[in-house]
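Spelled out from the first residue to the last, the chains are:
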Amino acid sequence: GGGGNGSGGGGSGAPKDGSSASSAARRTIPAGLIVERLRAHASDSVYISSFLDAAPLQEMLLDERLRRLLCMRSRVKEVSEASSMCEAVRSLAGAERMSSGGEGMVVFDVCSGKGLGATLLSFLLPRGRVVMLDSNGGMDLSHLRARPNLSFRHVDLFSADTPAVLREEAAGASYVVAVGMHLCGALSPRLIDLAVAGGTIDAMALCPCCLKGAHGKAVARSAAERSVEPYAVLVETLQAICEREIEAAAAGGGARSRVGVWKDREMLSPKNRYITVQKWAADKAAPDVALCQACA
């Protein structure tokens, strides 16, 4: 899942390698106990039952650096969110790209936190690259050394340098996806702006958490007036922002784009709706979208 609450820091930074005495002494939960606790929730979501039978889990359990990602108490929720991210990327990428193992793809996990979602994406796309973006440059990211197609950039999403960082990391890519899980506050509109107005990102999947400030108050007021859940109004608001950005980009001669909204019922969170954006060249047909069975 995302670490969608940070916006400080900037530039690029090397992750901590976890080689200090304190890191070495950090306890990890035994593999058997992790499996036992996940299996207790196998019926809660197809994502949990599928993860239990998947090769990535076995590799993660055998490597202590990766196993640490599954030691949090919220592991069941986090696995469902990370798996949902994978399904979102799979749907946007399409069958042909997925059949090649994501060859030529770059996926940005925006506000990644330590990156359980990014790690699962690195397994899903063995011939692609996954880049974690986060404002926290002090995390223990020693697990990156276990995944050669996974990297980290210490980035302030609001920095004027961020578009250049995206271009640099996506250089040579044939298809670029940005995914944001549970982004908070102004991070969601900022990701929409980077995805729609910028020329680097071909597709976006945003699962928002909340809006704050004036936007947040407007969402709460509208939800109360309509007697609907605030999250539904939040998604509508962000969808409208996408549509305005797309209209402005088209007026400026930008790529054609479309917005989609769907709900992932297998994600173990009440905040389980995605806003997606797909771009395509003016002389190309609109791409197909094949949503997973859990999504509609």
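Residues numbered from 1 in each chain as written. Predicted model: local features only at pLDDT ≥ 70, side-chain atom pairs only at ≥ 80, totals over all residues. Heavy atoms only, no water.

Trainee: What is the right way to read the overall build of the protein chain from this model?
Mentor: What the protein chain contains, in helices and strands, is twelve helices and seven strands. Here the protein chain, with 296 residues, has 53% of them falling under the buried criterion. Expressed as a percentage of contacts within the protein chain between residues at least 6 apart in sequence, the contacts between residues at least 24 apart total 69%. Accessible area of the protein chain: about 13000 Å², with a carbon and sulfur share of 50%. (Helix = DSSP H or I, 4+ residues; strand = E, 2+ residues; numbered from the N terminus. Buried < 20%, exposed > 50% of the residue type's maximum accessible area, 1.4 Å probe, protein only. Contact = heavy atoms within 4.5 Å. Areas by Shrake-Rupley, 256 points an atom, 1.4 Å probe, with all protein chains shown as cover.)

Trainee: Would you mind going over the packing of aromatic side chains with me for this structure?
Mentor: With the rule as written, the count across this model stands at one aromatic pair. Between Trp262 and Tyr274, the ring centres sit 4.5 Å apart and the planes meet at 20 degrees, which makes this aromatic pair stacked. With Trp262 in strand E6 (residues 256–263) and Tyr274 in strand E7 (residues 273–280), this pair connects stretches of sequence that are twelve residues apart. For Trp262, a relative accessible area of 6% translates into the label buried. Given the relative accessible area of 0%, Tyr274 is considered buried. (Phe/Tyr/Trp six-rings, centres within 6.5 Å; stacked < 30°, edge-to-face > 60°.)

Trainee: I would appreciate a short explanation of helix H12 (residues 230–251) in the present structure.
Mentor: Each α-helix turn comprises 3.6 residues. Residues three or four places apart therefore point the same way. The terminal C-alpha atoms of H12 lie 32 Å apart, and with 22 residues this matches the ideal 32 Å at 1.5 Å per residue to within 8%. Regarding H12, the residues found buried are Tyr231, Ala232, Val233, Leu234, Val235, Leu238, Ile241, Cys242, Ile246 and Ala249. On its buried side, H12 packs onto helix H10 (187–197), strand E5 (203–208), helix H11 (213–226), E6 and E7. One or two residues past the end of H12 sits Gly253, with phi positive at roughly 85 degrees. (Expected span 1.5 Å × (residues − 1).)

Trainee: I tried to follow the sheet that holds strand E3 (residues 150–154) on my own but got confused; where do I start?
Mentor: Strand pairing in a sheet relies on backbone hydrogen bonds, with the paired strands running either antiparallel or parallel. With mixed pairing, seven strands are arranged side by side in an open sheet as E3-E2-E1-E4-E5-E7-E6. Looking at the sheet topology across the chains shown, the edges are occupied by E3 and E6. Each strand axis lies, on average, 15 degrees off the axis of its neighbour in the sheet, ignoring direction. Across six bridges, the pairing between strand E1 (residues 105–110) and strand E4 (residues 175–183) is parallel. Residue Val106 lies in a different strand from E4, and its bridge partner there is Val176. (Pairing = 2+ DSSP bridges. Axes fitted to C-alpha atoms, helices over the stretch in contact; angles between N-to-C directions.)

Trainee: Sorry, what's going on with the packing of helix H2 (residues 31–39) against helix H6 (residues 75–93) here?
Mentor: Describing two packed helices takes the angle between their axes plus the distance from one axis to the other. Their axes nearest at 10 Å, the elements H2 and H6 cross at an angle of 75 degrees. The orientation of H2 with respect to H6, classified from their angle, is roughly perpendicular. Residues Ile34, Arg37 and Leu38 of H2 lie in contact with H6, whose contacting residues are Arg75, Val76 and Val79. Each residue belonging to the contact of H2 with H6 can be placed in one class, and the counts come to four nonpolar, no polar and two charged. (Parallel < 35°, antiparallel > 145°, perpendicular 65-115°, else oblique. Nonpolar A, V, L, I, M, F, W, Y, C, P; charged D, E, K, R; others polar.)

Trainee: Any chance you could explain the environment of Arg258 here in plain terms?
Mentor: Structurally, the position occupied by Arg258 is in strand E6. Sequence separation between Arg258 and Thr276 is 18 residues; the distance between their C-alpha atoms is 8.1 Å.

Trainee: It is not clear to me how the packing of H10 against H12 should be interpreted in this structure. Could you clarify?
Mentor: Taken N-terminus to C-terminus, the directions of H10 and H12 make an angle of 25 degrees; their axes are 10 Å apart at the nearest point. Comparing their axes, H12 and H10 come out roughly parallel. The interaxial crossing formed by H10 with H12 has right-handed handedness. For the pair H10 and H12, the contacting residues are Ser188, Pro189, Ile192, Asp193, Val196 and Ala197 in the first and Leu238, Ile241, Cys242, Glu245, Ile246 and Ala249 in the second. Split into classes, the residues belonging to the contact of H10 with H12 amount to nine nonpolar, one polar and two charged. (Left-handed = near helix turned anticlockwise from the far one by under 90°.)

Trainee: Would you take a moment to explain the pattern of salt bridges for this structure?
Mentor: Side-chain pairing between opposite charges can occur once the charged atoms of the two side chains come close. This structure, assessed with the given rule, holds twelve salt bridges. The salt bridge involving Glu87 is made with Arg90; its shortest N-O contact spans 3.2 Å. Residue Glu87 and its partner Arg90 are located together in helix H6, separated by three residues, close to a single helical turn. Classification of Arg90 as partly exposed rests on a relative accessible area of 36%. Between Arg153 and Glu169 there is a salt bridge; the shortest N-O distance is 2.7 Å. (Salt bridge = Lys/Arg side-chain N within 4 Å of Asp/Glu carboxyl O.)

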